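Summary of the model geometry
Residues per chain are reported as follows:
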Amino acid sequence: MNDSASRTPTVAFIGGGNMARSLIGGLVARGRPADAIRVAEPVAALRDGLQQDFGVTCAEHATAAAEGADVWVLAVKPQVMREVSAALVPLAQARRPLVVSIAAGITTAQLERWLGGDLPVVRAMPNTPALLGAGITGLFANARTSDAQRADADALLDAVGPTVWIDDEATMDAVTAVSGSGPAYVFLLAEAMQAAGVAQGLSPDAARALVQQTLLGAATMLVKQAEPADVLRARVTSPGGTTQAAIETFEAGGFRELVGRAIAAATQRGRQLSAAND
Ligand SMILES: NC(=O)C1=CN([C@@H]2O[C@H](COP(=O)(O)OP(=O)(O)OC[C@H]3O[C@@H](n4cnc5c(N)ncnc54)[C@H](OP(=O)(O)O)[C@@H]3O)[C@@H](O)[C@H]2O)C=CC1
Ligand SMILES: O=C(O)[C@@H]1CCC=N1
């Protein structure tokens, strides 16, 4: 592709599902011209929605969207990535685009091989708060990616929240387990806190309002205050008070070990997705 940083690259999303929609929404909101974004998506209703909401050009087949695009964002499930790549080999070899994959587990070496070899490939792991511009993305680039292409990839993901570049690709599965999947852990906590509040006599509406704002307030403190999480936690925990009673119950129940096991399971699943779909 042309390495010039002075122009807006044309981006083709291959797969127009949940995550692609979040990224496209963020890019358009940040002022990226809709006519520089194309999407390939087999589901007609998803194509229509993307076209209507963001004014982007949609096609049914991957090759139609990828043709002539400088950057390809591969946003299909890991289980179909090899098959989707196979259809794109002639175009990839003729055009040599920057390839950005957001798939869990799939490595840059696999993508490069599946697309015929000798290609710049960036592996990215965003998360769904991207939809509100509140995401975070881990990024890893293979050795064939130029500095200008890294900047192009960064600009794409930075439209939906901060980016963190990762030096060791093996740790991208840990990025996926912590921040890619992480919003679901917070939603699970919200579900459990709401149910527990109702069990203690609150109305469902009151429990929901209390939990929502508590999570937002605590997350805002984590981001805006200089102190680490353990210090902020200590400030809530009056000796002999209510918080101490709850925290002791969490600790006695093995909360930290459980979180460790959950994140290890997600990391391991990323590795399995790579091996099982090779
Ligand atoms: N959801 C999340 O929170 C995150 C997801 N990811 C990664 O993003 C990727 C997409 O996930 P998500 O958006 O949730 O999944 P979705 O299933 O919502 O989106 C994938 C879309 O790709 C479509 N598709 C299938 N085959 C093709 C093809 N040949 N050409 C074009 N499009 C095709 C699918 O259609 P159909 O349904 O008909 O198969 C589907 O609409 C995954 O690899 C996932 O690991 C990364 C970070 C976070
Ligand atoms: O659950 C998954 O596999 C994807 C990747 C991270 C979030 N969702």
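Calculation rules
- Each chain carries its own residue numbering, running from 1 in the written order of its sequence.
- Each chain takes a letter, starting from A, and each ligand takes a number, starting from 1, following the order in which they are written.
- The predicted origin of the model limits local features to residues at a pLDDT of at least 70 and limits the giving and counting of side-chain atom pairs to 80 or more, whereas totals for whole chains, interfaces and linings rest on all residues.
- Processing note: side-chain calculations cover all non-hydrogen atoms of the structure and skip hydrogens and water entirely.
- UniProt positions are given in the numbering used here, feature names are shortened, and annotations may be inferred rather than shown by experiment.
- Secondary structure is summarised from DSSP: a helix means a run of H or I of at least four residues, a strand means a run of E of at least two, and numbering begins at the N terminus for each.
- The patches reported here contain residues having more than 30% relative accessible area and no salt bridge. Joining distances are 9 Å for like charges and 5 Å for nonpolar side chains (Val, Leu, Ile, Met, Phe, Trp, Tyr).
- Computed with the Shrake-Rupley method and a 1.4 Å probe, the accessible areas treat only the protein chains shown as cover for residues.
- A side-chain nitrogen of Lys or Arg and a carboxyl oxygen of Asp or Glu constitute a salt bridge if their distance falls within 4 Å.
- Each residue's exposure class comes from its accessible area (1.4 Å probe, protein chains only) as a fraction of the maximum for that residue type: buried when under 20%, exposed when over 50%, partly exposed otherwise.
- Strand pairing is assigned whenever DSSP identifies at least 2 bridges connecting the two strands.
- Between N-to-C directions, angles cover 0 to 180 degrees, with each direction set by a line fitted to C-alpha atoms, over the stretch in contact for helices.
- Whether two residues touch is decided by their heavy atoms; if any such pair falls within 4.5 Å, the residues are in contact.
- Any Phe, Tyr or Trp ring, taking Trp's six-membered ring, that has another such ring centre within 6.5 Å forms a pair; planes under 30 degrees apart are called stacked, those over 60 apart edge-to-face, and the others tilted.
- For classification, angles of less than 35 degrees are called roughly parallel, those exceeding 145 degrees roughly antiparallel, those between 65 and 115 degrees roughly perpendicular, and all remaining angles oblique.
- Working rule for handedness: look at the near helix, and if it is turned counterclockwise from the far one by less than a right angle, call the crossing left-handed; if clockwise, right-handed.
- Classification convention: Asp, Glu, Lys, Arg as charged; Ala, Val, Leu, Ile, Met, Phe, Trp, Tyr, Cys, Pro as nonpolar; all other residues, Gly among them, as polar.
- A pocket here means an open set of points on a 1 Å grid, computed over the protein atoms alone, that has protein on both sides within 12 Å along at least five of seven lines. A cavity is instead a set of points where a 1.4 Å probe fits but cannot get out; residues with an atom within 4 Å of a point line either one.
- Grid points are joined across faces, edges and corners, and a volume is the space filled by probe spheres set on the points.
- As used throughout, domain bounds are those supplied by an automatic or database domain assignment.
- By the criterion used throughout, a crossover qualifies as right-handed when its path from the first strand across the helix to the second strand runs clockwise, the strands pointing away from the viewer.

In the annotation of an unreviewed UniProt entry, the entry for the protein reads Pyrroline-5-carboxylate reductase, and the organism field reads Lysobacter auxotrophicus. For the protein, the Pathway (unreviewed entry) comment in UniProt is given as "Amino-acid biosynthesis; L-proline biosynthesis; L-proline from L-glutamate 5-semialdehyde: step 1/1." Reading the Function (unreviewed entry) entry of the UniProt record for the protein gives the comment "Catalyzes the reduction of 1-pyrroline-5-carboxylate (PCA) to L-proline."

Under the feature "domain: Pyrroline-5-carboxylate reductase catalytic N-terminal" (unreviewed entry), the UniProt entry names residues 10–105. Between the end C-alpha atoms of residues 10–105 the distance is 26 Å, and the span holds 48% helix and 20% strand.

This paragraph deals with a nonpolar patch on the surface. Taken together, the side chains of Phe250, Phe255 and Val259 present a nonpolar region at the surface, about 270 Å² in accessible area. Assessed through its relative accessible area of 41%, phenylalanine 255 is described here as partly exposed.

A word on the sheet that holds strand 7 (residues 137–141). The strand order 3-2-1-4-5-6-7-8 describes an open sheet built from eight strands, whose pairing is mixed. Looking at which strands have only one partner, the edges of the open sheet turn out to be strand 3 (57–59) and strand 8 (163–165). In this sheet, neighbouring strand axes are inclined to one another by 25° on average, regardless of whether the strands run parallel or antiparallel. Where strand 2 (residues 37–40) and strand 3 come together, three bridges link them in parallel fashion. Residue pairing for strand 3: alanine 40 is matched across the bridge by alanine 59. Across the sheet, helix 2 (residues 44–54) is in contact with strand 2 and strand 3; its angle to strand 3 comes to roughly 170°.

The next thing to look at is the packing of aromatic side chains. For the coordinates displayed, the defined rule picks out one aromatic pair. Seen from their ring centres, phenylalanine 250 and phenylalanine 255 are 5.1 Å apart, and the 50° between their planes marks the pair as tilted.

Once that is clear, we can look at the UniProt feature "domain: Pyrroline-5-carboxylate reductase dimerisation" (unreviewed entry) in the protein. The feature "domain: Pyrroline-5-carboxylate reductase dimerisation" (unreviewed entry), as annotated in UniProt, sits at residues 169–273 in this numbering. As annotated, residues 169–273 comprises 82% helix and 0% strand, and the C-alpha atoms at either end are separated by 15 Å.

On to the packing of helix 7 (residues 172–180) against helix 12 (residues 255–276). Contact geometry for helix 7 and helix 12: axes closest at 8 Å, N-to-C directions at 130°. Put simply, helix 7 runs oblique to helix 12. In terms of crossing hand, the pair formed by helix 7 and helix 12 is right-handed. Together, Asp173, Ala174, Ala177 and Val178 of helix 7 and Ile263, Ala266, Thr267, Gly270 and Arg271 of helix 12 make up the contact between the two elements. Here the contact of helix 7 with helix 12 is composed, by residue class, of five nonpolar, two polar and two charged.

This part takes up the layout of surface pockets. The probe, sized like a water molecule, is rolled over the atoms to show the empty space still left. Each pocket or cavity is described by its volume, and for the second largest pocket that value is around 940 Å³. As for the second largest pocket, its lining consists of 38 residues, of which Met19, Ala75, Val76, Lys77 and Pro78 are closest to the centre. Counting residues per element, the ones that place at least two in the lining of the second largest pocket are helix 1 (18–29), helix 4 (78–95), helix 7 and helix 12. At five residues, helix 4 tops the list of elements feeding residues into the lining of the second largest pocket. Here the lining of the second largest pocket spans two domains, and each of domain 1 (11–172) and domain 2 (182–273) adds at least three residues to it.

Now for the pairing of strand 4 (residues 71–74). Of the two faces of strand 4, the one lined by Val71 and Val73 and the one lined by Trp72 and Leu74 are each fully buried. Sheet topology places strand 1 (residues 11–14) next to strand 4; four bridges connect them, and they run parallel. Looking at strand 4, one finds that phenylalanine 13 is bridged to valine 73. In the sheet, strand 4 pairs with strand 5 (residues 98–101) via four bridges, with the strands oriented parallel. When the bridges of strand 5 are listed, tryptophan 72 appears paired with valine 99. Of the crossover connections in this fold, the one passing from strand 4 over helix 4 to the parallel strand 5 is right-handed.

Quick look at the pattern of salt bridges now. Taken as a whole, this structure holds 10 salt bridges when the rule is applied. A salt bridge links aspartate 278 to arginine 113, with the shortest nitrogen-to-oxygen separation between them at 2.9 Å. With aspartate 278 in the segment after helix 12 and arginine 113 in helix 5 (residues 108–114), this pair connects stretches of sequence that are 165 residues apart. Residue aspartate 278 is classed as partly exposed on the basis of its relative accessible area, which comes to 41%. In the salt-bridge network here, residues are joined through shared partners; they are Glu112, Asp118 and Arg144.

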